[in-house]
Amino acid sequence: MRKNKWLLVLFMTLIVVVSCKPPKIDNFRCELHKLNTPIAPSENLKVAIYVDGTPSMEGYVSTNTKSRYTQTLELLDRTFYLTSSKVAYQRLGTSIQQLSREQYKQDAQSPNFYNGKTPQYPPLSVSQIEKAIALQPQDNQLVIIATDLYQKNADITKVSKEIKNNYLNVEQKAKGYSVGIIAVKSEFNGTVYTEDTATPKYTYSTDGKKRDKYHPFYLIFLGKYSDIDNYFNKLTKDLPEDSKYVI
């Protein structure tokens with residue numbers, strides 16, 4: 001499944017960042033594309049934050065210390081809650097569950113949010129990321145999806161297909177829509193799921209390991225280029241230096 005993740009990252013890199021040379025997969029940072037005529041960010045921007053609530057995400061919140069993943073969730077809330085007119089929070093899987101801000105801030109940092117062991121957060125067997133991507137784009141809305149891109153028995157091309165159909169078709173690109181992705185390596189202590197039938201899952205811990213062995217997660221941004229560019233400039237100042245991003 002690791003290969004499929006990077007194929008999606010590479011796909012997004014190649015079709016979104018037309019101004020950059022095709023990057024290497026292991027380092028896809030490039031300069032943000034500057035429009036000839038800068039466009040101001042949307043006014044009264046509505047932000048929808050989706051958190052992958054499936055078991056493959058539990059390891060990010062089961063570490064001995066606060067992980068980069070939980071710190072990033074806090075950074076998203078802090079950044080958007082203070083600067084946008086409305087922020088909505090959702091748990092994403094086979095269905096979409098609405099969350100209050102307090103549930104997002106507290107519960108999304110708890111293993112029970114992901115392991116399906118509490119009635120409040122029932123088990124989600126697969127993260128159908130395309131459900132959030134398939135929503136009709138709106139001029140004053142920015143969608144952010146926090147995920148590890150693991151989709152059990154799912155075709156990762158569904159994700160790239162929805163991205164292309166809803167945000168990167170000729171009509172939507174003409175309106176200024178774009179896609180951004182941030183990759184962050186985080187502390188992790190749990191189960192990693194794969195599409196390898198011989199080894200469908202294995203236990204992995206980053207305790208005592210160097211940062212290059214941390215387990216990655218991804219933030220997918222969907223919306224107007226001007227809004228993604230604006231918040232990338234804000235967020236990347238507080239993200240780990242070894243994070244990768246492209247818009």
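Below: a short report on this structure. (Residues numbered from 1 in each chain as written. Predicted model: local features only at pLDDT ≥ 70, side-chain atom pairs only at ≥ 80, totals over all residues. Heavy atoms only, no water.)

## So, the overall build of the protein chain
A count of helical and extended segments in the protein chain gives 8 helices and 9 strands. Split into buried and exposed, the 247 residues of the protein chain put 49% on the buried side. Long-range pairs, those at least 24 residues apart, make up 77% of the contacts in the protein chain between residues at least 6 apart in sequence. Total accessible area on the protein chain stands at roughly 12200 Å², and carbon and sulfur atoms take up 48% of it. (Helix = DSSP H or I, 4+ residues; strand = E, 2+ residues; numbered from the N terminus. Buried < 20%, exposed > 50% of the residue type's maximum accessible area, 1.4 Å probe, protein only. Contact = heavy atoms within 4.5 Å. Areas by Shrake-Rupley, 256 points an atom, 1.4 Å probe, with all protein chains shown as cover.)

## Describing the packing of aromatic side chains
Under the criterion given, the structure shown has 12 aromatic pairs. Between Tyr60 and Phe217, the ring centres sit 5.7 Å apart and the planes meet at 75 degrees, which makes this aromatic pair edge-to-face. Highlighted residues: Tyr60 in the loop between β1 (46-52) and α2 (68-83) and Phe217 in strand β8 (residues 215-224), separated in sequence by 157 residues. The residues Tyr60 and Phe217 share a single accessibility class, namely buried. Taking the centre distance of 4.7 Å and the plane angle of 35 degrees together, the rings of Tyr89 and Tyr104 count as tilted. Within this pair, whereas Tyr89 is found in strand β2 (residues 86-92), its partner Tyr104 is found in helix α3 (residues 101-107), the two being separated by 15 residues in sequence. For the pair formed by Tyr89 and Tyr104, the shared burial category is buried. Taken together, the ring pairs in this structure connect Tyr60, Tyr69, Phe188 and Phe217 into an aromatic cluster. Looking at Lys224, its charged tip hangs above the ring of Tyr177, at a distance of 5.3 Å from the centre. (Phe/Tyr/Trp six-rings, centres within 6.5 Å; stacked < 30°, edge-to-face > 60°. Lys NZ or Arg CZ within 6 Å of the ring centre and 35° of its normal.)

## Focus: α2
Spanning 16 residues, α2 covers 22 Å between terminal C-alpha atoms, matching the ideal 22 Å at 1.5 Å per step. Taken residue by residue, α2 has Arg68, Tyr69, Thr70, Thr72, Leu73, Leu75, Leu76, Asp77, Thr79 and Phe80 as its buried positions. (Expected span 1.5 Å × (residues − 1).)

## Things to note about the sheet that holds β1
Whenever strands of a sheet pair, they do so through backbone hydrogen bonds, lying parallel or antiparallel. Read from one edge to the other, the open sheet built from 7 strands follows the order β3-β2-β1-β4-β8-β5-β9, with strand pairing classed as mixed. The open sheet has two edge strands with one neighbour each: β3 (96-99) and β9 (244-246). The sheet shows a mean angle of 20 degrees between the axes of neighbouring strands, taken without regard to direction. Here β1 pairs with β2 via 7 bridges, running parallel. Paired with Lys46 across the two strands is Lys86, which belongs to β2. Its contacts with the sheet place α2 against β1, β2, β4 (141-147), β5 (177-186) and β8, and it is angled at close to 20 degrees to β8. (Pairing = 2+ DSSP bridges. Axes fitted to C-alpha atoms, helices over the stretch in contact; angles between N-to-C directions.)

## Remarks on the pattern of salt bridges
Taken as a whole and assessed by the stated rule, the structure comprises 5 salt bridges. Lys175 is paired through a salt bridge with Glu171; the nearest N and O atoms lie 3.5 Å apart. On the accessibility criterion, Glu171 (52% relative accessible area) is exposed. (Salt bridge = Lys/Arg side-chain N within 4 Å of Asp/Glu carboxyl O.)

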